[in-house]
Amino acid sequence: MQVRFNIVRQNPNSSPRIQTYTLEVNPGNTILDCLNRIKWEQDGTLAYRKNCRNTICGSCAMRINGRTALACKENIGREIERLNKIAAQANNSKAPQQIDSIPEMTIAPMGNMPVIRDLVVDMSSFWANLEAVEPYVSSEARQIPEREFLQTPEEREQLNQTGNCILCGACYSECNAREVNPDFVGPHALAKAYRMVADSRDTKTESRLEKYNQGTFGVWGCTRCFNCNAVCPMEVAPLDQITKIKSEILARKDESSSQPIRHRKLLLEFVKDGGWIEERKFATQLFTYSFAGYKELAKLLPLGFRMLIRGKLPKKFVPSKGTKEVRSLIESIQKLNKQSFSKKPDKN
Ligand code: SF4
Ligand code: SF4
Ligand code: FES
């Protein structure tokens, strides 16, 4: 079958352009197989990264038809199926559309990193942000025993999911928070950060949690868009790891610690009380805790006033009919969390 490849190309200090190549391919060919053939048979100037060709090294991440993926993992057949499904959804039809014309693949460089050339991006910020979370097990505070540090199978199992990260950059490329906040370290770094927090041999848990709790550098910078979980080729689920770090922080801090912590705790209390959030009280209680908070609240007043005159501010709060059920769910989860925290070994 024939497939057309629209590849976004770029030279240093110039604007991107699209160059089109047509190949005769099999549905089982990977995108990387196709790029190799374009380079070897049609245009030796095409630049992209690759190494293992087997989803191990993480070199070949690029945007394939709109989302970042590994070129050696995705194949033509599955991409066509995916594009057909997207087209069918866009046309609101139940059956996937049959496309009669030549299928097209759009290949672009990863996002959130500057392009060096064609599909090769400069990953310096990716590596610097990984370094910023101190991604090494620290045994500083321990007396070094003569034998290596042993772990039980259960302790080792805690590291399996995050240990699967191949540092491909797909999550970083699609991270909405990174796009607007240069301070945020990114999903790959926070997945690694959780790997350190969960490691029974590491002795810096408390200082790590303090660090990951700072401003929007760490976990509170995440906007929970879910993109990192959706694109990760190794099922590391960085957002889940960020959530676990948040739980560890929340278990140690009270609501006066910072606004993000106060936000989470208040939100939970409101939902437990009335099944959903009492928004008027939520804003006032969130911000009237400190002088800086009053200033934040004052910024919201024009919005509140506009809502009031347009009838969008509810006159009274009506608790949800499912309040009891919601409360019991929250309490069960809190109980489970407590048990899992109390089971953790004392690392120090
Ligand atoms: S977490 Fe997943 S997407 Fe992100 S760098 Fe690691 S393997 Fe790649
Ligand atoms: S969920 Fe958070 S870390 Fe993951 S991509 Fe979205 S903003 Fe980034
Ligand atoms: S070439 Fe190594 S992961 Fe694709």
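Heads up: the structure comes first, above all this text.
Notes on the structure follow. Keep in mind that what you see is a predicted model, and the values were worked out from it rather than measured.

Each value, and the rule that gives it
Residues numbered from 1 in each chain as written. Chains lettered and ligands numbered in written order. Predicted model: local features only at pLDDT ≥ 70, side-chain atom pairs only at ≥ 80, totals over all residues. Heavy atoms only, no water. Helix = DSSP H or I, 4+ residues; strand = E, 2+ residues; numbered from the N terminus. Buried < 20%, exposed > 50% of the residue type's maximum accessible area, 1.4 Å probe, protein only. Contact = heavy atoms within 4.5 Å. Areas by Shrake-Rupley, 256 points an atom, 1.4 Å probe, with all protein chains shown as cover. Pairing = 2+ DSSP bridges. Axes fitted to C-alpha atoms, helices over the stretch in contact; angles between N-to-C directions. Near = heavy atom within 4 Å. Nonpolar A, V, L, I, M, F, W, Y, C, P; charged D, E, K, R; others polar. Phe/Tyr/Trp six-rings, centres within 6.5 Å; stacked < 30°, edge-to-face > 60°.

**Overview of the overall build of the chain**
- Scanning the chain from N- to C-terminus turns up 15 helices and seven strands.
- C-alpha extents for the chain along the principal axes are approximately 70 × 65 × 40 Å.
- Per-residue burial over the chain gives 39% buried out of 348 residues.
- Pairs at least 24 residues apart make up 62% of the contacts formed inside the chain by residues separated by at least 6 positions.
- Accessible surface, the chain: about 20000 Å² in total, of which carbon and sulfur atoms supply 53%.

**Things to note about the sheet that holds strand β1 (residues 2-9)**
- Pairing is mixed across the open sheet formed by five strands, whose spatial order is β2-β1-β5-β3-β4. In this open sheet, the two strands that pair with only one neighbour each are β2 (17-24) and β4 (67-70). Looking at each pair of strands side by side, their axes are set apart by 35° on average, direction ignored.
- Both β1 and strand β5 (residues 104-108) contribute to a ladder of four bridges, which runs parallel. Paired with Ile7 across the strands is Ile107, a residue of β5.
- Running over the sheet, helix α1 (residues 31-42) touches β1, β2, β3 (61-64) and β5 and is turned about 95° from β2.
- Against the sheet, helix α2 (residues 76-90) touches β1, β3, β4 and β5, its axis set at about 100° to β5.

**Details of the site of ligand 2**
- If you check the shell around ligand 2, you find 13 residues, and the closest are Cys175, Cys222, Thr223, Cys225 and Cys228.
- Every element with two or more residues in the shell around ligand 2 is listed here: α10 (227-231) and α11 (238-252).
- Of the residues in the shell around ligand 2, the class split is 10 nonpolar, two polar and one charged.

**Points about the site of ligand 1**
- Around ligand 1 sit 13 residues in total, of which Cys165, Cys168, Gly169, Cys171 and Cys232 are the nearest.
- For the shell around ligand 1, the residue count by class is 11 nonpolar, two polar and no charged.

**Re the environment of Glu79**
- The topology assignment puts Glu79 in helix α2.
- Glu79 sits 58 residues away from Tyr21 along the chain, and the two C-alpha atoms are 17 Å apart.
- Apart from the residues lying within four places of it in its own chain, the contact partners of Glu79 are Ile31, Ile64, Asn65, Arg67, Glu74 and Met105.

**With respect to the packing of aromatic side chains**
- On inspection of all chains with the given rule, the structure shows three aromatic pairs.
- Ring plane angle 85° and centroid distance 4.9 Å describe the contact between Phe126 and Trp127, whose orientation is recorded as edge-to-face.
- Given the relative accessible area of 0%, Phe126 is considered buried.
- Overall, the relative accessible area of 41% leaves Trp127 in the partly exposed class.
- Centroid distance Phe126 to Tyr172: 5.3 Å. Interplanar angle 85°. Geometry classified as edge-to-face. Taken together, the residues Phe126 in helix α3 (residues 124-132) and Tyr172 in helix α6 (residues 170-173) connect sequence positions 46 residues apart.
- Given a relative accessible area of 0%, Tyr172 falls into the buried group.
- Ring pairs connect the aromatic residues Phe126, Trp127 and Tyr172, which therefore count as one cluster.

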